[in-house]
Amino acid sequence: MQAEIQGFHDSITGTISYVVHDHNHAAIIDPVLDYDPKSGRTKTQSADRLIAFVEQHKLTIDWILETHAHADHLSAAHYLREKLGGRIAIGEHIREVQTIFKKLFNLEPGFAIDGSQFDHLFTDNETFQVGELTGQALFVPGHTPADIAYRFGDAIFL
């Protein structure tokens, strides 16, 4: 089955979030949580656009996928999981990034560096299902050691 793909551009961060789906099930990739640095407040307009699309197409969310720990935007993954369900996942090397970030950003002593903030940590070449679609997680270290791409058919998301 061919994946259907819908992109959602966030003009402030330049990020494109995706909904990849068959006719019934979907994965959301790199969802943006809006952040105003002047006020320090977050909003959910970008994520709400994803929710509207999912609801309009009557999709069941199987996965909310992160390609890496983002410095360019905050993730709306937890908000979307609360509203739509699904499992939040990222590559297993996120633990290395968390270890670096904990020291670099002087995070609180109790900040977990074991990836436990995610429901699943993918290994290289691990496959997973989104309804009738088979996805594959590909380890592609880049601007962080935890970068991971997701392949659905001939489409790759990084």
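Cut-offs used in this document
Residues numbered from 1 in each chain as written. Predicted model: local features only at pLDDT ≥ 70, side-chain atom pairs only at ≥ 80, totals over all residues. Heavy atoms only, no water. Helix = DSSP H or I, 4+ residues; strand = E, 2+ residues; numbered from the N terminus. Rg over C-alpha atoms; globule rule 2.2 N^0.38 Å. Buried < 20%, exposed > 50% of the residue type's maximum accessible area, 1.4 Å probe, protein only. Contact = heavy atoms within 4.5 Å. Lys, Arg positive; Asp, Glu negative; His and termini not counted. Charge placed at Lys NZ, Arg CZ, Asp CG, Glu CD. Salt bridge = Lys/Arg side-chain N within 4 Å of Asp/Glu carboxyl O. Phe/Tyr/Trp six-rings, centres within 6.5 Å; stacked < 30°, edge-to-face > 60°. Pairing = 2+ DSSP bridges. Axes fitted to C-alpha atoms, helices over the stretch in contact; angles between N-to-C directions. 1 Å grid on protein atoms, 1.4 Å probe; cavity = no way out; pocket = protein on both sides within 12 Å on 5 of 7 lines; lining within 4 Å. Points joined across faces, edges and corners; volume = space filled by probe spheres on them. Nonpolar A, V, L, I, M, F, W, Y, C, P; charged D, E, K, R; others polar.

A. Structural detail: the overall build of the protein. Secondary structure assignment for the protein yields three helices and 13 strands. Taking 158 residues into account, the globule formula puts the C-alpha radius of gyration at 15 Å, and the protein, at 15 Å, falls close to it. Referenced to the eigenvectors of the C-alpha coordinate spread, the extents of the protein come out at roughly 45 × 35 × 25 Å. Within the protein, the proportion of its 158 residues that are buried is 42%. Sequence separation of 24 or more characterises 55% of the internal contacts of the protein that already satisfy a separation of 6 or more. One way to put it: in the protein the 12 positive side-chain charges average out to a point 7 Å from where the 22 negative ones average out.

B. Structural view of the pattern of salt bridges. Taken as a whole, this structure holds two salt bridges when the rule is applied. For the salt bridge of Arg 81 with Asp 119, the shortest nitrogen-to-oxygen distance reads 2.9 Å. One end of the pair, Arg 81, is in helix H2 (residues 77-84); the other, Asp 119, is in the loop between helix H3 (94-104) and strand S9 (120-122), with 38 residues separating them in the sequence. Classification of Asp 119 by relative accessible area gives partly exposed; the value is 34%.

C. Geometry of the packing of aromatic side chains. Scanning the entire structure with this criterion turns up 10 aromatic pairs. Look at Phe 101 and Phe 105: their rings are 5.2 Å apart centre to centre, the planes differ by 75°, and that puts the pair in the edge-to-face class. Assessed through its relative accessible area of 28%, Phe 101 is described here as partly exposed. Taken together through their ring pairs, the aromatic side chains of Tyr 18, Trp 63, Phe 122, Phe 128, Tyr 150, Phe 152 and Phe 157 make up a single cluster.

D. Local environment of the sheet that holds strand S4 (residues 32-36). Read across the open sheet, the three strands follow the order S5-S4-S7; overall the sheet is antiparallel. Every interior strand has two partners, whereas the edge strands, strand S5 (41-43) and strand S7 (74-75), have only one. Two elements, S4 and S5, share three bridges in a ladder whose sense is antiparallel. Among the inter-strand pairings, Tyr 35 is bridged to a residue of S5, identified as Thr 42.

E. Spotlight on the sheet that holds strand S10 (residues 127-130). Pairing is antiparallel across the open sheet formed by four strands, whose spatial order is S10-S11-S12-S13. Edge positions in the sheet fall to S10 and strand S13 (155-157), since each has one partner strand and no second. Each neighbouring strand pair of the sheet contributes to a mean axis angle of 30°, computed without reference to strand direction. The pairing of strand S11 (residues 133-139) with strand S12 (residues 148-152) spans five bridges and is antiparallel.

F. Representation of empty space enclosed by the protein in the model. Under the definition given, this model contains one cavity of 30 Å³ or more. Around the largest cavity, the lining residues are Phe 8, His 9, Asp 10, Ser 17, Val 32, Ser 46, Arg 49 and Leu 50. Elements with a minimum of two residues in the lining of the largest cavity: strand S1 (4-10) and helix H1 (45-56). Looking at the lining of the largest cavity residue by residue, the classes come out as three nonpolar, three polar and two charged.

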